[in-house]
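# Coordinate inspection notes
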Amino acid sequence: MAGAAARPHRALLQQYAGRPDLEVDVLTSAPSPGVFLERPADNVMVFKIGIRKKQLHFWRRREVVEWLLKAGSCYRA
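Residues numbered from 1 in each chain as written. Predicted model: local features only at pLDDT ≥ 70, side-chain atom pairs only at ≥ 80, totals over all residues. Heavy atoms only, no water.

Turning our attention to the pattern of salt bridges. For the structure on display, the rule yields five salt bridges. Taking the shortest distance from any N to any O, the salt bridge between K70 and E66 comes out at 3.0 Å. Remark: E66 and K70 occur in helix α2 (residues 61-71); sequence separation between them is four residues, near one turn of the helix. For K70, a relative accessible area of 34% gives the class partly exposed. One salt-bridge network, in which partners are shared between bridges, spans R62, E66 and K70. (Salt bridge = Lys/Arg side-chain N within 4 Å of Asp/Glu carboxyl O. Helix = DSSP H or I, 4+ residues; strand = E, 2+ residues; numbered from the N terminus. Buried < 20%, exposed > 50% of the residue type's maximum accessible area, 1.4 Å probe, protein only.)

Put into structure tokens, the structure is as follows:
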């Protein structure tokens, strides 16, 4: 994870890691195209959905829609 929210999110994941009563999935973006999976703990999965972006910290409407469509394959029912 990168960006302004990365540190607080990482701290939360560390608190949740290993808790048998929780199963945590994180859906976030990645700076390069593709789908990347990280498993920092047995009960934590981080899905990184990457798209080509013009500016790392600015989302254009087209980029948001593209990310949402690609991220849909990672949603759990």
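Pairing between strand β2 (residues 34-41) and strand β3 (residues 44-50): six bridges, direction antiparallel. Pairing of E38 across the sheet is with V46, part of β3. In this structure, the hairpin formed by β2 and β3 is closed by a connection of two residues. (Pairing = 2+ DSSP bridges.)

Its location among the elements puts N43 in the loop between β2 and β3. Residue classification places N43 among the buried residues on the basis of a relative accessible area of 11%. A distance of 3.2 Å separates the side chain of N43 from the backbone oxygen of R19, its partner in a polar contact. N43 has contacts with Y16, A17, G18, R19, L22, E23 and V24, leaving out every residue within four places of it along the chain. (Polar contact = N/O pair within 3.5 Å; in protein donor to acceptor, adjacent residues only side chain to side chain. Contact = heavy atoms within 4.5 Å.)

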